[in-house]
Each structure stands twice: as structure tokens, then as C-alpha cells.
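Chain by chain, the residues:
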Amino acid sequence: PERKKEMELGLDLRFFRNKLSISGTYFSNVTEDVLLEFPQANSTGYTSVYTNGAEIENKGYELDLGYRIIDTGDFSWSIDANFTQVRNKVTDLAGIESLNLGGLSAVSSRAVEGEPLGVLWGSRTLRNGDGSIVYDEYGFPEQDQVEGVIGDPNPDWQGSLATSISYKNFRLTALLETYQGADIYAGTKSVMRDLGTWYDTANEVTATRNYFTADGNIINIGETFRGNVQDFGAGPVALTEAWYNGDGGFFSNGNDELYIEDGSWTRLRELSLSYRLKNAWMADSMGIQSAEFSVTGRNLFLWAPFEGNDPDTNLSGVSAARGIDYFNNPSTKSYLFSLTLNF
């Protein structure tokens, strides 16, 4: 079995006759003998074995705030907020460089010693020892010949804000959630750019200066070309069809790090309006003490810088692998109408 050693400290404070509540928790744990699929030499007759062999460390804290703003006989209003930050690291992997947790052949989610669990692994930009990008003579980033870590799908922090407003028999509730700082691999964009079907590959740009293309040609000032202009750090260059489809330059899947994007999101997770009906006639004639009618909308609005559909999706489903968008289905938007009878 896996074994976990954990230390947790918490504090719960209440003020103004419980109108205001503040609580916080700090935790630190180490999970030993983590069960993972470890690769084996093919000569053993197996390609992998599911066994104990990893150690993972988690540290973090959670803060909760609740406040009853108004609380009278007919009207009440309360808010609740939550903030969570967790730092995760694989501290031992039994001498294995990395373990594939799932994903694509090009980009996968992996366990890497010294890195957070589930980091994104793929082809990357070549860098100097100080971390600066190495550019070719035309101003395009060169590609490293060795694959490695290109992103971290774990959030810097996440939180939620909930509110409930009641007036007589009506109640309105709302839940807003946010997930900030996570990386995501834009695999859908990568493939569609390679096929020339992503929207920005159809842009027509008139050069305001001379631009180099990926294959070293020059687009002169005043010329119009199909594609985009981008500055990777060594000056603006022309991203033509050759850049996107691989004819003479990088193609969409050639440098996976170029398609690591901000996977942060904020969404209206739920909005609900209900009405509670209670009268003596219902109780006497039908034995119904109360009836509640409600209409609820879930996942109604999404705000995210990611250009794909929904960054809160997972190619591998319920698994340790995450942060990969590859023609994933977006989260569903749903509406619920309900009637609750209390006898």
C-alpha cells in the first residue's frame, strides 16, 4: 500500500455572533511507495510493471471566509469565499528519468523527479545555460534536439466565490470559480494550423518592413502575404504557410513548446433561483408540508484567454494526466428545473 505522512494545522475564528467566520489550514504531506506504471526491459517479457516506487510531496494552504451581510426576518444575504494554493513535487522516482502518465505521442503528461506531478513533456525551444532562447540567423527560435518539460498544468492558485440572497420565499444562489496559472497544450490549434484551417492562418498581412520567413526568404516592405507577424524575441518575422505546414520551416507539431498557453479560467459554475411554497391547505388536504420550485443553470459563462474551447477539459479523462487539449469536447452547459415536495 501507499503510505502518507501528514502534518496539518488549522485555525477557525468566529466574530459578531457568528456573522463573520474566518478559517485557515496549512498542510504538508509526503506520500511514499506511490503506485505507478514503471517501464521494464522488453527482455523480461513485459513492457511495464505496476508497482511501488515513487515519492510525492505536497504543501499548501486553504483560506475560507464567510459573512452574513444582512440577516433580518424577510431578507438575508451571505457570501462565502475560498482560496487554495498547493505546491506539489515528485521527490523520488526510483532512478527513472520520467514516467508517462498519458497524453499524446508528441506531448504527454509525466512524472519527473524534482518537478510537479503531471508536467507537460515534449519538443522544446533550445536555450542557453542562463535560460535565454537561442535564435537562428533569421530571428526564429531554434529547436532543442532533446525533449523535456515544456509546461506545468497545475494551477498557481484556485478559488471560489458563492453568494446566497433570500427574500421571503425566494432564494437566489450563485457560484463563481476560478483556476489561475495553469499551462495547457493547444494541440487542436497546432493541428489545424498545420492543415491551414485555424482562423489566423487566413490572415492577410501587408509588410510594414522587410521580414524574414522561416526558410530564409525575405518579404519586402509593401508586399502582402498570407499568415502573421510575430516577434519571438529577436525581432518581428513572417509566419507564412511554410511556418505552419512545415515546408521549409517549423511546422505546427515541430516545436510543441510554442503551443503551451495560459490555461487559466473563471466561470459561473452555477446560478439558481427557487421559490418555497407553504400553506395550511397543502398540509391538511395533501399532507405536503412545503413545495419548492427551482430553476438552475450550470456552467453558464466562461472567461479564459485560451483560444480553444474549454481549458478545464482532460484528454485522458479521469487520470493523473491533464493539461492537453486535442479536439476535446467542451464542458456541457445545462439547465435544470425541479420540484421538491416535503411531506
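Structure's up top.
Bear in mind that the values here come from a model prediction, so they are computed numbers and not experimental data.

**Student:** Is there a simple way to think about the overall build of the chain in this case?
**Tutor:** Per the secondary structure count, the chain includes three helices and 22 strands. Taken against the 2.2 N^0.38 rule, which gives 20 Å for 343 residues, the C-alpha radius of gyration of the chain at 27 Å runs more than 25% over that of a compact globule. Across its three principal axes, the chain shows a C-alpha extent of roughly 85 × 60 × 40 Å. Contacts in the chain between residues at least 24 apart in sequence constitute 61% of all its contacts with a sequence separation of at least 6. A total of about 19100 Å² of accessible surface is found on the chain, and carbon and sulfur atoms cover 53% of it. Of the charged side chains in the chain, 26 are positive and 47 negative; the average position of the first set lies 12 Å away from that of the second.

**Student:** Just checking my understanding: could you explain the sheet that holds strand β5 (residues 98-103) for this structure?
**Tutor:** Within a sheet, adjacent strands bond to each other through the backbone by hydrogen bonds, running parallel or antiparallel. The strand order across the open sheet formed by four strands is β5-β6-β7-β8, and the pairing between neighbours is antiparallel. On the outer flanks of this sheet lie β5 and β8 (148-151), each paired with one strand and no other. Between one strand axis and the next, the sheet turns through 50 degrees on average, direction left out of account. Where strand β7 (residues 119-122) lies against β8, three bridges are found, and the strand directions are antiparallel. Considered in β8, the bridge of W121 is made with V149.

**Student:** I would appreciate a short explanation of the pattern of salt bridges in the present structure.
**Tutor:** Close approach of charged atoms allows side chains with opposite charge to pair. In total, this model carries 16 salt bridges according to the counting rule given. The salt bridge partner of E257 is R127, with a shortest N-O separation of 2.9 Å. Taken together, the residues span a long stretch of sequence, with E257 in the loop between α2 (241-245) and β18 (260-262) and R127 in the loop between β7 and β8 at a distance of 130 residues. For E257, a relative accessible area of 18% corresponds to the buried category. Each member of the salt-bridge network shares a partner with another, and the members are E177, R267, R269, D310 and D312.

**Student:** Help me understand the nonpolar core in this model?
**Tutor:** Generally speaking, a soluble globular protein has its nonpolar side chains buried in company with each other. Among the nonpolar cores identified, the biggest contains 15 residues, and L120, F140, Y185, F232, L239, W243 and I324 are the most heavily contacted of them. Elements with a minimum of two residues in this core: β17 (236-239) and α2. Leaving out residues up to four positions away in the same chain, I324 has contacts with G102, G103, L104, V107, S108, S109, L120, I184, Y185 and L315. The next biggest cluster of nonpolar side chains, apart from the first, holds 12 residues, and it includes A54, I56, L93 and A111.

**Student:** What is the right way to read the packing of aromatic side chains from this model?
**Tutor:** The description of two aromatic rings rests on the distance between their centres and on the angle between their planes. Applying the stated criterion across every chain, the model contains 12 aromatic pairs. Taking 5.2 Å as the distance between ring centres and 45 degrees as the angle between the ring planes, the aromatic pair formed by Y138 and F212 counts as tilted. Note that Y138 is positioned in the loop between β7 and β8 and F212 in strand β13 (residues 211-212), a separation of 74 residues in sequence. Aromatic ring contacts, followed pair by pair, group Y61, F83 and W157 into a single cluster. If you follow R267 out to its NZ or CZ, it ends over the ring of W265, 4.2 Å from the centre.

Thresholds, definitions, all that
Residues numbered from 1 in each chain as written. Predicted model: local features only at pLDDT ≥ 70, side-chain atom pairs only at ≥ 80, totals over all residues. Heavy atoms only, no water. Helix = DSSP H or I, 4+ residues; strand = E, 2+ residues; numbered from the N terminus. Rg over C-alpha atoms; globule rule 2.2 N^0.38 Å. Contact = heavy atoms within 4.5 Å. Areas by Shrake-Rupley, 256 points an atom, 1.4 Å probe, with all protein chains shown as cover. Lys, Arg positive; Asp, Glu negative; His and termini not counted. Charge placed at Lys NZ, Arg CZ, Asp CG, Glu CD. Pairing = 2+ DSSP bridges. Axes fitted to C-alpha atoms, helices over the stretch in contact; angles between N-to-C directions. Salt bridge = Lys/Arg side-chain N within 4 Å of Asp/Glu carboxyl O. Buried < 20%, exposed > 50% of the residue type's maximum accessible area, 1.4 Å probe, protein only. Core = buried A, V, L, I, M, F, W, Y, C linked by side-chain atoms within 4.5 Å. Phe/Tyr/Trp six-rings, centres within 6.5 Å; stacked < 30°, edge-to-face > 60°. Lys NZ or Arg CZ within 6 Å of the ring centre and 35° of its normal.

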